[in-house]
Amino acid sequence: MTNEEFRLNAHELVDWMADYLGNLEHYSVKSDIKPGDIKSQLPSAAPVNGEDFQAIFSDFKNIIIPGMTHWQHPGFFAYFPANNSEPSILAEMLTATMGAQCMLWLTSPAAEELEERVMEWLRDILGLPKEFIGVIQDSSSSATLVALLSAREKRSGFEINRRGFSPADKFRVYTSTQGHSSIDKDVKIAGIGIENLVKIEVDPNFAILADKLEEAITRDLADGLVPLAVVSTFGTTSSTAIDPIGEIGIICAKYNCWHHVDASYAGTALMLSEIREMAPGMDRCDSFVVNPHKWMFTNFDCSAYFIRDKQALVNTFSILPEYLKTQEDKLVNNYRDWGVPLGRRFRALKLWFVIRTYGIAGMQQMIRHHIAAGQWLKAEILKTPGIELMAPAPFNLVCFRFHPEGMDDATLLDKYNENKLHEINRSGTVFLTQTRLNGKYVIRFVAGQTHTTLETVKCGWNHVLESAFSDAD
Ligand SMILES: *Cc1c(COP(=O)(O)O)cnc(C)c1O
(Lines give C-alpha, C1' and ligand atoms only; values in the text may rest on other atoms or scores of the structure.)
Protein backbone atom coordinates (compact mmCIF):
# COMPACT_ATOMS: atom_id res chain seq x y z
CA MET A 1 0.00 0.00 0.00
CA THR A 2 1.51 3.29 -1.01
CA ASN A 3 1.38 6.34 1.19
CA GLU A 4 -1.26 7.93 -1.07
CA GLU A 5 -3.39 4.77 -0.99
CA PHE A 6 -3.02 4.66 2.81
CA ARG A 7 -4.34 8.22 3.05
CA LEU A 8 -7.38 7.44 0.88
CA ASN A 9 -8.17 4.16 2.65
CA ALA A 10 -7.72 5.73 6.05
CA HIS A 11 -10.24 8.47 5.26
CA GLU A 12 -12.76 5.88 4.14
CA LEU A 13 -12.13 3.86 7.26
CA VAL A 14 -12.55 6.82 9.59
CA ASP A 15 -15.86 7.65 7.93
CA TRP A 16 -16.96 4.07 8.55
CA MET A 17 -15.82 4.33 12.20
CA ALA A 18 -17.83 7.49 12.80
CA ASP A 19 -20.90 5.96 11.11
CA TYR A 20 -20.51 2.82 13.22
CA LEU A 21 -20.30 4.71 16.51
CA GLY A 22 -23.18 6.96 15.48
CA ASN A 23 -25.48 4.09 14.46
CA LEU A 24 -24.72 1.38 16.99
CA GLU A 25 -28.32 1.02 18.10
CA HIS A 26 -29.18 -0.26 14.62
CA TYR A 27 -26.94 -3.29 15.10
CA SER A 28 -27.96 -6.39 16.99
CA VAL A 29 -25.91 -6.12 20.19
CA LYS A 30 -25.13 -9.83 20.13
CA SER A 31 -24.52 -11.81 16.98
CA ASP A 32 -26.84 -14.77 16.47
CA ILE A 33 -24.47 -16.79 14.30
CA LYS A 34 -23.66 -20.44 15.06
CA PRO A 35 -20.22 -21.80 15.93
CA GLY A 36 -18.23 -22.20 12.70
CA ASP A 37 -20.38 -19.76 10.65
CA ILE A 38 -17.59 -17.21 10.31
CA LYS A 39 -14.71 -19.61 9.81
CA SER A 40 -16.56 -21.38 6.99
CA GLN A 41 -16.66 -18.08 5.08
CA LEU A 42 -12.89 -17.66 5.30
CA PRO A 43 -10.66 -19.35 2.71
CA SER A 44 -8.74 -22.31 4.08
CA ALA A 45 -5.43 -20.97 2.78
CA ALA A 46 -3.92 -17.50 2.87
CA PRO A 47 -3.85 -15.62 -0.48
CA VAL A 48 -0.69 -16.12 -2.48
CA ASN A 49 -1.00 -12.76 -4.19
CA GLY A 50 -1.83 -9.58 -2.36
CA GLU A 51 -5.44 -8.43 -2.37
CA ASP A 52 -6.99 -5.07 -2.87
CA PHE A 53 -7.93 -2.99 0.21
CA GLN A 54 -11.52 -2.68 -1.04
CA ALA A 55 -11.88 -6.48 -1.07
CA ILE A 56 -10.51 -6.77 2.46
CA PHE A 57 -12.61 -3.92 3.82
CA SER A 58 -15.72 -5.28 2.18
CA ASP A 59 -15.15 -8.71 3.78
CA PHE A 60 -14.65 -6.95 7.11
CA LYS A 61 -18.08 -5.35 6.74
CA ASN A 62 -19.83 -8.44 5.35
CA ILE A 63 -18.21 -11.32 7.23
CA ILE A 64 -16.62 -9.95 10.38
CA ILE A 65 -19.13 -7.32 11.52
CA PRO A 66 -22.12 -9.73 11.53
CA GLY A 67 -20.09 -11.98 13.82
CA MET A 68 -19.22 -9.32 16.36
CA THR A 69 -20.69 -8.68 19.79
CA HIS A 70 -21.01 -4.90 19.89
CA TRP A 71 -19.54 -3.94 23.24
CA GLN A 72 -20.15 -0.21 22.75
CA HIS A 73 -23.84 -0.75 21.85
CA PRO A 74 -26.27 1.22 24.05
CA GLY A 75 -28.02 -2.08 24.87
CA PHE A 76 -24.83 -3.75 26.16
CA PHE A 77 -25.38 -4.31 29.89
CA ALA A 78 -23.44 -7.60 30.12
CA TYR A 79 -20.29 -8.63 32.09
CA PHE A 80 -18.47 -5.44 32.95
CA PRO A 81 -18.14 -2.96 30.11
CA ALA A 82 -14.88 -2.62 28.18
CA ASN A 83 -15.82 0.87 27.22
CA ASN A 84 -13.95 3.07 24.79
CA SER A 85 -14.42 6.66 23.69
CA GLU A 86 -13.70 8.79 20.68
CA PRO A 87 -10.49 10.34 22.12
CA SER A 88 -9.21 6.92 23.13
CA ILE A 89 -9.75 5.52 19.63
CA LEU A 90 -7.95 8.47 18.07
CA ALA A 91 -4.95 7.97 20.34
CA GLU A 92 -4.91 4.25 19.54
CA MET A 93 -4.69 5.11 15.85
CA LEU A 94 -1.62 7.24 16.55
CA THR A 95 -0.08 4.48 18.70
CA ALA A 96 -0.49 2.03 15.84
CA THR A 97 0.85 4.56 13.36
CA MET A 98 4.07 5.15 15.27
CA GLY A 99 4.42 1.45 16.04
CA ALA A 100 6.85 2.09 18.88
CA GLN A 101 7.96 -0.67 21.21
CA CYS A 102 8.20 1.01 24.59
CA MET A 103 10.28 -1.39 26.68
CA LEU A 104 12.99 1.08 27.70
CA TRP A 105 13.19 4.81 28.23
CA LEU A 106 15.56 4.92 25.25
CA THR A 107 13.14 3.10 22.95
CA SER A 108 10.75 6.07 23.29
CA PRO A 109 11.51 8.60 26.01
CA ALA A 110 8.17 10.39 25.52
CA ALA A 111 6.23 7.16 26.03
CA GLU A 112 8.04 6.42 29.31
CA GLU A 113 7.75 9.95 30.66
CA LEU A 114 4.11 10.33 29.62
CA GLU A 115 3.33 7.03 31.36
CA GLU A 116 4.98 8.30 34.56
CA ARG A 117 2.98 11.52 34.38
CA VAL A 118 -0.46 10.04 33.59
CA MET A 119 0.01 7.43 36.30
CA GLU A 120 0.69 10.27 38.76
CA TRP A 121 -2.44 12.02 37.50
CA LEU A 122 -4.50 8.87 37.86
CA ARG A 123 -3.11 8.18 41.36
CA ASP A 124 -4.16 11.66 42.44
CA ILE A 125 -7.53 11.51 40.66
CA LEU A 126 -8.36 8.29 42.54
CA GLY A 127 -7.07 9.63 45.86
CA LEU A 128 -4.33 7.00 46.22
CA PRO A 129 -1.33 7.78 48.44
CA LYS A 130 1.37 10.05 47.00
CA GLU A 131 4.08 7.47 47.64
CA PHE A 132 2.41 5.07 45.20
CA ILE A 133 4.07 4.65 41.86
CA GLY A 134 2.17 3.43 38.83
CA VAL A 135 2.77 1.41 35.69
CA ILE A 136 0.39 0.29 32.97
CA GLN A 137 -0.09 -3.47 32.61
CA ASP A 138 -2.05 -5.32 29.94
CA SER A 139 -4.68 -6.66 32.33
CA SER A 140 -5.69 -6.92 35.91
CA SER A 141 -4.81 -10.62 35.79
CA SER A 142 -1.22 -9.65 35.02
CA ALA A 143 -1.19 -6.87 37.61
CA THR A 144 -2.30 -9.24 40.36
CA LEU A 145 0.32 -11.77 39.24
CA VAL A 146 2.94 -9.02 39.46
CA ALA A 147 1.71 -8.19 42.99
CA LEU A 148 1.91 -11.84 44.12
CA LEU A 149 5.36 -12.34 42.61
CA SER A 150 6.63 -9.13 44.22
CA ALA A 151 5.19 -10.24 47.57
CA ARG A 152 6.76 -13.68 47.17
CA GLU A 153 10.18 -12.28 46.31
CA LYS A 154 10.17 -9.59 48.98
CA ARG A 155 9.24 -12.19 51.60
CA SER A 156 11.90 -14.66 50.47
CA GLY A 157 14.60 -12.00 50.19
CA PHE A 158 14.49 -12.47 46.38
CA GLU A 159 15.67 -16.02 46.91
CA ILE A 160 12.93 -17.92 45.10
CA ASN A 161 13.86 -16.15 41.89
CA ARG A 162 17.36 -17.57 42.37
CA ARG A 163 16.95 -21.04 43.82
CA GLY A 164 13.31 -21.87 43.21
CA PHE A 165 10.95 -22.93 46.00
CA SER A 166 12.26 -24.66 49.10
CA PRO A 167 10.11 -26.85 51.38
CA ALA A 168 10.07 -23.96 53.89
CA ASP A 169 8.22 -21.65 51.49
CA LYS A 170 4.74 -22.74 52.53
CA PHE A 171 2.97 -19.63 51.36
CA ARG A 172 -0.71 -18.93 51.79
CA VAL A 173 -2.77 -16.35 49.92
CA TYR A 174 -6.22 -15.21 51.04
CA THR A 175 -9.18 -13.74 49.23
CA SER A 176 -12.94 -13.98 49.64
CA THR A 177 -15.24 -16.54 48.07
CA GLN A 178 -16.15 -13.65 45.73
CA GLY A 179 -12.54 -12.98 44.61
CA HIS A 180 -12.02 -12.96 40.84
CA SER A 181 -10.95 -16.16 39.06
CA SER A 182 -7.76 -14.39 37.94
CA ILE A 183 -6.52 -14.72 41.54
CA ASP A 184 -6.81 -18.51 41.26
CA LYS A 185 -4.93 -18.41 37.98
CA ASP A 186 -2.23 -16.08 39.34
CA VAL A 187 -1.67 -18.21 42.46
CA LYS A 188 -1.07 -21.18 40.18
CA ILE A 189 1.30 -19.31 37.89
CA ALA A 190 3.22 -17.86 40.86
CA GLY A 191 3.99 -21.42 41.97
CA ILE A 192 2.11 -21.04 45.23
CA GLY A 193 -0.38 -23.77 44.39
CA ILE A 194 -4.14 -23.48 44.26
CA GLU A 195 -4.46 -25.49 47.50
CA ASN A 196 -2.78 -22.55 49.21
CA LEU A 197 -5.38 -20.04 48.09
CA VAL A 198 -7.73 -19.68 51.05
CA LYS A 199 -11.21 -18.41 50.23
CA ILE A 200 -12.76 -16.62 53.17
CA GLU A 201 -16.50 -16.48 53.84
CA VAL A 202 -18.46 -13.32 53.11
CA ASP A 203 -21.22 -11.44 54.92
CA PRO A 204 -24.76 -11.00 53.52
CA ASN A 205 -23.46 -8.10 51.40
CA PHE A 206 -20.83 -10.40 49.84
CA ALA A 207 -17.95 -8.57 51.57
CA ILE A 208 -15.19 -10.60 53.24
CA LEU A 209 -15.58 -11.29 56.97
CA ALA A 210 -12.45 -9.73 58.43
CA ASP A 211 -12.58 -11.81 61.63
CA LYS A 212 -12.75 -15.02 59.56
CA LEU A 213 -9.71 -13.80 57.63
CA GLU A 214 -7.77 -13.25 60.83
CA GLU A 215 -8.85 -16.66 62.13
CA ALA A 216 -7.58 -18.33 58.96
CA ILE A 217 -4.26 -16.52 59.18
CA THR A 218 -3.68 -17.45 62.84
CA ARG A 219 -4.68 -21.05 62.15
CA ASP A 220 -2.18 -21.22 59.28
CA LEU A 221 0.56 -19.72 61.44
CA ALA A 222 -0.14 -22.34 64.11
CA ASP A 223 0.19 -25.00 61.41
CA GLY A 224 3.61 -23.69 60.36
CA LEU A 225 2.38 -22.12 57.12
CA VAL A 226 3.44 -18.65 55.90
CA PRO A 227 0.66 -16.09 55.31
CA LEU A 228 1.99 -14.19 52.31
CA ALA A 229 -0.69 -11.98 50.81
CA VAL A 230 -4.33 -10.96 50.97
CA VAL A 231 -6.17 -9.91 47.81
CA SER A 232 -9.15 -7.80 48.80
CA THR A 233 -11.71 -6.56 46.31
CA PHE A 234 -13.22 -3.15 45.83
CA GLY A 235 -16.20 -4.05 43.65
CA THR A 236 -16.43 -7.81 43.13
CA THR A 237 -17.26 -9.15 39.69
CA SER A 238 -20.49 -10.89 40.68
CA SER A 239 -22.09 -8.03 42.61
CA THR A 240 -19.57 -5.13 43.12
CA ALA A 241 -19.29 -5.94 46.83
CA ILE A 242 -16.76 -3.89 48.78
CA ASP A 243 -14.45 -5.69 51.17
CA PRO A 244 -13.57 -3.85 54.42
CA ILE A 245 -10.30 -2.59 52.96
CA GLY A 246 -9.24 -0.67 56.10
CA GLU A 247 -9.76 -3.60 58.46
CA ILE A 248 -7.94 -5.94 56.11
CA GLY A 249 -5.05 -3.46 55.98
CA ILE A 250 -4.74 -3.59 59.77
CA ILE A 251 -4.75 -7.41 59.75
CA CYS A 252 -2.15 -7.48 56.97
CA ALA A 253 0.12 -5.11 58.88
CA LYS A 254 -0.23 -7.22 62.03
CA TYR A 255 0.76 -10.46 60.27
CA ASN A 256 3.22 -9.00 57.77
CA CYS A 257 1.06 -9.90 54.77
CA TRP A 258 1.15 -8.07 51.44
CA HIS A 259 -2.21 -6.36 50.85
CA HIS A 260 -3.22 -6.14 47.19
CA VAL A 261 -6.50 -4.40 46.33
CA ASP A 262 -8.31 -5.60 43.23
CA ALA A 263 -10.40 -2.61 42.16
CA SER A 264 -10.43 -3.65 38.50
CA TYR A 265 -13.90 -2.36 37.76
CA ALA A 266 -15.16 -0.13 40.55
CA GLY A 267 -11.80 1.55 41.20
CA THR A 268 -12.76 4.16 38.62
CA ALA A 269 -15.51 5.38 40.97
CA LEU A 270 -12.83 6.36 43.52
CA MET A 271 -12.58 9.60 41.57
CA LEU A 272 -15.73 10.57 43.50
CA SER A 273 -15.20 11.69 47.09
CA GLU A 274 -18.52 10.16 48.18
CA ILE A 275 -17.31 6.75 46.92
CA ARG A 276 -13.88 7.14 48.53
CA GLU A 277 -15.64 7.38 51.88
CA MET A 278 -16.91 3.83 51.28
CA ALA A 279 -13.35 2.45 51.40
CA PRO A 280 -11.44 4.05 54.26
CA GLY A 281 -7.93 2.73 54.78
CA MET A 282 -7.15 2.24 51.09
CA ASP A 283 -3.99 4.28 51.69
CA ARG A 284 -2.47 1.44 53.73
CA CYS A 285 -2.48 -1.20 50.97
CA ASP A 286 0.73 -2.38 49.29
CA SER A 287 -0.58 -2.51 45.74
CA PHE A 288 -3.73 -1.64 43.83
CA VAL A 289 -5.11 -2.30 40.36
CA VAL A 290 -7.84 -0.56 38.38
CA ASN A 291 -8.70 -1.11 34.73
CA PRO A 292 -9.30 2.13 32.79
CA HIS A 293 -10.23 -0.33 30.03
CA LYS A 294 -13.38 -1.25 31.90
CA TRP A 295 -15.13 1.88 33.11
CA MET A 296 -12.81 4.78 32.26
CA PHE A 297 -13.48 5.29 28.55
CA THR A 298 -10.10 3.89 27.50
CA ASN A 299 -10.23 1.05 25.03
CA PHE A 300 -8.79 -2.34 25.90
CA ASP A 301 -6.04 -2.87 26.99
CA CYS A 302 -5.04 -0.54 29.79
CA SER A 303 -4.69 -1.73 33.37
CA ALA A 304 -3.27 0.70 35.91
CA TYR A 305 -1.16 -0.95 38.60
CA PHE A 306 0.08 1.00 41.62
CA ILE A 307 2.65 -0.15 44.13
CA ARG A 308 4.18 1.32 47.26
CA ASP A 309 7.54 -0.46 47.18
CA LYS A 310 9.05 0.17 43.77
CA GLN A 311 12.21 -1.73 44.72
CA ALA A 312 10.26 -4.92 45.50
CA LEU A 313 8.77 -4.72 42.03
CA VAL A 314 11.91 -3.89 40.08
CA ASN A 315 14.10 -6.38 41.97
CA THR A 316 11.57 -9.10 41.21
CA PHE A 317 11.48 -8.51 37.48
CA SER A 318 14.75 -6.90 36.46
CA ILE A 319 16.94 -8.54 33.88
CA LEU A 320 19.84 -6.85 32.20
CA PRO A 321 21.42 -8.62 29.27
CA GLU A 322 24.08 -6.68 27.43
CA TYR A 323 21.82 -5.92 24.48
CA LEU A 324 19.35 -4.03 26.67
CA LYS A 325 21.85 -1.86 28.59
CA THR A 326 21.58 1.90 28.09
CA GLN A 327 23.46 4.93 29.43
CA GLU A 328 20.36 6.21 31.24
CA ASP A 329 19.59 3.04 33.20
CA LYS A 330 20.23 4.72 36.55
CA LEU A 331 18.18 7.84 35.79
CA VAL A 332 14.95 6.57 34.29
CA ASN A 333 12.26 3.91 34.57
CA ASN A 334 12.72 1.03 32.18
CA TYR A 335 9.28 -0.48 32.24
CA ARG A 336 10.46 -3.84 30.92
CA ASP A 337 11.44 -4.43 34.59
CA TRP A 338 7.96 -3.62 35.88
CA GLY A 339 6.03 -6.66 34.66
CA VAL A 340 6.15 -9.90 32.72
CA PRO A 341 6.51 -8.96 29.00
CA LEU A 342 9.63 -7.31 27.65
CA GLY A 343 7.89 -5.50 24.80
CA ARG A 344 5.28 -2.91 25.63
CA ARG A 345 2.69 -0.97 23.68
CA PHE A 346 2.39 2.79 24.07
CA ARG A 347 -0.76 2.67 26.18
CA ALA A 348 -0.32 5.91 28.11
CA LEU A 349 -1.22 7.96 25.04
CA LYS A 350 -4.88 6.95 25.01
CA LEU A 351 -5.23 7.54 28.75
CA TRP A 352 -3.73 11.01 28.29
CA PHE A 353 -6.15 11.78 25.44
CA VAL A 354 -9.10 10.58 27.53
CA ILE A 355 -8.20 12.44 30.73
CA ARG A 356 -7.52 15.66 28.83
CA THR A 357 -10.65 15.45 26.65
CA TYR A 358 -13.09 14.95 29.53
CA GLY A 359 -11.15 16.56 32.35
CA ILE A 360 -11.52 15.31 35.91
CA ALA A 361 -14.87 17.07 36.29
CA GLY A 362 -16.19 15.60 33.05
CA MET A 363 -15.22 12.06 34.03
CA GLN A 364 -16.68 12.50 37.51
CA GLN A 365 -19.94 13.64 35.99
CA MET A 366 -20.14 10.62 33.68
CA ILE A 367 -19.40 8.19 36.54
CA ARG A 368 -21.99 9.92 38.75
CA HIS A 369 -24.58 9.59 35.98
CA HIS A 370 -23.81 5.90 35.55
CA ILE A 371 -24.17 5.30 39.28
CA ALA A 372 -27.40 7.30 39.34
CA ALA A 373 -28.75 5.19 36.46
CA GLY A 374 -27.85 2.04 38.42
CA GLN A 375 -29.58 3.41 41.50
CA TRP A 376 -32.68 4.23 39.45
CA LEU A 377 -32.78 0.63 38.25
CA LYS A 378 -32.33 -0.68 41.79
CA ALA A 379 -35.29 1.43 42.95
CA GLU A 380 -37.39 0.17 40.02
CA ILE A 381 -36.61 -3.43 40.88
CA LEU A 382 -37.46 -2.90 44.53
CA LYS A 383 -40.94 -1.71 43.58
CA THR A 384 -41.66 -4.25 40.82
CA PRO A 385 -43.63 -7.29 41.95
CA GLY A 386 -42.19 -10.59 40.74
CA ILE A 387 -38.59 -9.29 40.60
CA GLU A 388 -36.10 -9.55 43.47
CA LEU A 389 -32.98 -7.51 44.12
CA MET A 390 -30.24 -10.07 44.87
CA ALA A 391 -27.34 -7.88 46.14
CA PRO A 392 -26.93 -4.38 47.58
CA ALA A 393 -25.80 -2.67 44.29
CA PRO A 394 -23.59 0.14 45.60
CA PHE A 395 -22.61 1.27 42.07
CA ASN A 396 -24.17 0.63 38.66
CA LEU A 397 -24.32 -3.18 38.61
CA VAL A 398 -27.74 -4.43 39.66
CA CYS A 399 -28.26 -8.14 40.36
CA PHE A 400 -31.81 -9.41 40.20
CA ARG A 401 -33.96 -12.42 39.46
CA PHE A 402 -37.52 -13.09 38.46
CA HIS A 403 -39.55 -14.72 41.19
CA PRO A 404 -43.11 -15.53 40.17
CA GLU A 405 -45.52 -15.93 43.03
CA GLY A 406 -45.70 -19.49 44.27
CA MET A 407 -42.53 -20.65 42.52
CA ASP A 408 -40.26 -21.44 45.45
CA ASP A 409 -38.28 -24.48 44.35
CA ALA A 410 -34.64 -23.43 44.01
CA THR A 411 -33.86 -25.53 40.93
CA LEU A 412 -37.04 -24.43 39.20
CA LEU A 413 -36.30 -20.77 39.91
CA ASP A 414 -32.77 -21.12 38.52
CA LYS A 415 -34.07 -22.72 35.35
CA TYR A 416 -36.84 -20.13 35.02
CA ASN A 417 -34.34 -17.27 35.23
CA GLU A 418 -31.93 -18.93 32.86
CA ASN A 419 -34.72 -19.22 30.29
CA LYS A 420 -35.78 -15.62 30.89
CA LEU A 421 -32.25 -14.41 30.30
CA HIS A 422 -32.08 -16.23 26.97
CA GLU A 423 -35.45 -14.74 25.97
CA ILE A 424 -34.30 -11.24 26.93
CA ASN A 425 -31.12 -11.57 24.90
CA ARG A 426 -32.74 -13.21 21.88
CA SER A 427 -33.97 -10.02 20.18
CA GLY A 428 -30.51 -8.45 20.03
CA THR A 429 -31.77 -5.21 21.58
CA VAL A 430 -30.04 -5.75 24.91
CA PHE A 431 -27.39 -8.12 26.20
CA LEU A 432 -27.28 -9.16 29.87
CA THR A 433 -25.30 -11.92 31.59
CA GLN A 434 -25.66 -14.02 34.72
CA THR A 435 -23.81 -15.03 37.86
CA ARG A 436 -24.49 -17.08 40.98
CA LEU A 437 -24.90 -15.53 44.42
CA ASN A 438 -25.42 -17.84 47.42
CA GLY A 439 -25.84 -20.63 44.88
CA LYS A 440 -28.75 -18.84 43.18
CA TYR A 441 -28.87 -18.02 39.47
CA VAL A 442 -28.89 -14.23 39.20
CA ILE A 443 -29.11 -11.83 36.23
CA ARG A 444 -26.66 -8.90 36.11
CA PHE A 445 -27.41 -5.50 34.56
CA VAL A 446 -24.43 -3.10 34.30
CA ALA A 447 -24.95 0.55 33.30
CA GLY A 448 -21.40 1.65 32.51
CA GLN A 449 -21.02 2.36 28.81
CA THR A 450 -19.38 5.65 27.87
CA HIS A 451 -22.62 6.98 26.40
CA THR A 452 -24.95 5.30 28.92
CA THR A 453 -27.59 7.68 30.24
CA LEU A 454 -30.67 7.28 32.39
CA GLU A 455 -32.61 7.22 29.11
CA THR A 456 -30.66 4.31 27.60
CA VAL A 457 -31.00 2.40 30.88
CA LYS A 458 -34.77 3.03 31.00
CA CYS A 459 -35.03 1.91 27.41
CA GLY A 460 -33.04 -1.26 28.11
CA TRP A 461 -35.03 -2.03 31.24
CA ASN A 462 -38.31 -1.60 29.37
CA HIS A 463 -37.10 -4.14 26.89
CA VAL A 464 -36.20 -6.54 29.72
CA LEU A 465 -39.68 -6.19 31.20
CA GLU A 466 -41.38 -6.56 27.83
CA SER A 467 -39.56 -9.74 26.87
CA ALA A 468 -39.82 -11.20 30.37
CA PHE A 469 -43.51 -10.57 30.87
CA SER A 470 -44.80 -10.86 27.29
CA ASP A 471 -45.83 -14.52 27.45
CA ALA A 472 -48.37 -15.92 29.88
CA ASP A 473 -46.25 -18.01 32.19
C1 LIG B 1 -12.51 -7.94 35.23
C2 LIG B 1 -11.92 -8.24 36.55
C3 LIG B 1 -10.66 -8.85 36.64
C4 LIG B 1 -9.89 -9.32 35.43
O5 LIG B 1 -9.52 -8.25 34.61
P6 LIG B 1 -8.57 -8.48 33.32
O7 LIG B 1 -8.03 -7.12 33.07
O8 LIG B 1 -9.47 -8.94 32.24
O9 LIG B 1 -7.55 -9.46 33.68
C10 LIG B 1 -10.13 -9.05 37.90
N11 LIG B 1 -10.80 -8.68 39.00
C12 LIG B 1 -12.01 -8.10 38.97
C13 LIG B 1 -12.71 -7.70 40.24
C14 LIG B 1 -12.61 -7.87 37.73
O15 LIG B 1 -13.82 -7.31 37.69
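This text follows the structure it describes.
The rules behind the values
- Residues numbered from 1 in each chain as written.
- Predicted model: local features only at pLDDT ≥ 70, side-chain atom pairs only at ≥ 80, totals over all residues.
- Heavy atoms only, no water.
- Helix = DSSP H or I, 4+ residues; strand = E, 2+ residues; numbered from the N terminus.
- Rg over C-alpha atoms; globule rule 2.2 N^0.38 Å.
- Buried < 20%, exposed > 50% of the residue type's maximum accessible area, 1.4 Å probe, protein only.
- Contact = heavy atoms within 4.5 Å.
- Phe/Tyr/Trp six-rings, centres within 6.5 Å; stacked < 30°, edge-to-face > 60°.
- Polar contact = N/O pair within 3.5 Å; in protein donor to acceptor, adjacent residues only side chain to side chain.
- Pairing = 2+ DSSP bridges.
- Axes fitted to C-alpha atoms, helices over the stretch in contact; angles between N-to-C directions.
- Near = heavy atom within 4 Å.
- Areas by Shrake-Rupley, 256 points an atom, 1.4 Å probe, with all protein chains shown as cover.
- Nonpolar A, V, L, I, M, F, W, Y, C, P; charged D, E, K, R; others polar.
- Arc of directions from axis to C-beta.
- Parallel < 35°, antiparallel > 145°, perpendicular 65-115°, else oblique.
- Left-handed = near helix turned anticlockwise from the far one by under 90°.
- 1 Å grid on protein atoms, 1.4 Å probe; cavity = no way out; pocket = protein on both sides within 12 Å on 5 of 7 lines; lining within 4 Å.
- Points joined across faces, edges and corners; volume = space filled by probe spheres on them.

Draft legend 1. Representation of the overall build of the chain. Within the chain, the regular secondary structure consists of 15 helices and eleven strands. Whereas a compact globule of 473 residues would reach a radius of gyration of roughly 23 Å, the chain reaches 24 Å, a difference of no more than 12%. Structurally, the chain occupies a C-alpha span of about 70 × 65 × 45 Å along its principal axes. Burial status across the chain gives 52% buried among its 473 residues. Considering only residue pairs separated by 6 or more positions, the chain has 73% of its internal contacts joining residues 24 or more positions apart.

Draft legend 2. Region of interest: the packing of aromatic side chains. Applying the stated criterion across every chain, the model contains 23 aromatic pairs. Considering the side-chain rings of F77 and F445, the 4.1 Å spacing of their centres and the 20° angle between planes classify their relative orientation as stacked. Here F77, found in the loop between α2 (53–64) and α3 (86–98), pairs with F445, found in strand β11 (residues 440–446); they are 368 residues apart in sequence, far enough to count as distant. Taking relative accessible area as the criterion, F77 reaches 1% and is therefore assigned buried. With a centroid separation of 5.2 Å and an interplanar angle of 85°, the aromatic rings of F400 and W461 are classed as edge-to-face. Within this pair, whereas F400 is found in strand β9 (residues 397–402), its partner W461 is found in helix α15 (residues 454–469), the two being separated by 61 residues in sequence. Each of the two residues, F400 as well as W461, counts as buried. Taken together, W16, Y20, Y27, F53, F57 and F60 form an aromatic cluster joined through their ring pairs.

Draft legend 3. The arrangement of the environment of T236 in detail. Positionally, T236 belongs in the loop between β4 (226–233) and α9 (245–254). Excluding anything up to four places from it in sequence, T236 contacts F80, Q178 and A241. Here A241 takes part through its backbone nitrogen, which lies 2.9 Å from a polar atom of the side chain of T236.

Draft legend 4. The arrangement of the pairing of strand β10 (residues 433–437) in detail. Along β10, the buried face is formed by T433, T435 and L437; none of Q434 and R436, which line the opposite face, is buried. In this structure, β10 lies alongside β11, joined through five bridges in antiparallel fashion. Looking at the pairing, L437 lines up with K440 of β11.

Draft legend 5. View of the sheet that holds strand β3 (residues 197–200). Pairing in this open sheet of seven strands is mixed, and the strands run β1-β7-β6-β5-β4-β2-β3 from one edge to the other. Here the strands that pair on one side only, and so sit at the sheet edges, are β1 (133–137) and β3. Going across the sheet, the axis of each strand differs from the next one's by a mean of 20°, ignoring polarity. The sheet contact formed by strand β5 (residues 258–262) and strand β6 (residues 287–290) spans three bridges and is parallel.

Draft legend 6. Representation of the site of the ligand within the structure. In the vicinity of the ligand there are 13 residues, among which S140, S141, D262, N291 and K294 approach most closely. A distance of 2.8 Å separates an oxygen atom of the ligand from a polar backbone atom of S140. At 2.6 Å from an oxygen atom of the ligand is found a side-chain nitrogen or oxygen belonging to S141. Here the ligand, which alone exposes 390 Å², has 88% of that area covered by the protein. Counting only elements with at least two residues in the shell around the ligand, the list comes to α5 (140–155) and α11 (292–295). For the shell around the ligand, the residue count by class is one nonpolar, ten polar and two charged.

Draft legend 7. Region of the structure containing α2. Among all positions of α2, only F53, F57 and I63 are buried. Buried residues of α2, viewed axially, fall in a sector of 155°; they line one side. Buried residues in α2 make contact with α1 (3–22).

Draft legend 8. Broad picture of the packing of α1 against α3. The geometry of α1 relative to α3 is characterised by a closest axis approach of 12 Å and an angle of 155° between their N-to-C directions. Of the possible angle classes, the one that applies to α1 and α3 is roughly antiparallel. As for how α1 packs across α3, the hand of that crossing is right-handed. Of the residues in α3, those in contact with V14, M17 and L21 of α1 are E86, I89 and M93. Each residue belonging to the contact of α1 with α3 can be placed in one class, and the counts come to five nonpolar, no polar and one charged.

Draft legend 9. Structural context of the layout of surface pockets. Considering only enclosed or pocket space, the largest pocket measures out at about 1100 Å³ in volume. Along the wall of the largest pocket there are 40 residues; nearest its centre are W71, Q72, A82, N84 and F300. Per element, the largest residue contribution to the lining of the largest pocket is seven residues, and it comes from α1. For the lining of the largest pocket, the class distribution of residues is 20 nonpolar, 15 polar and five charged. Considering only enclosed or pocket space, the second largest pocket measures out at about 300 Å³ in volume.

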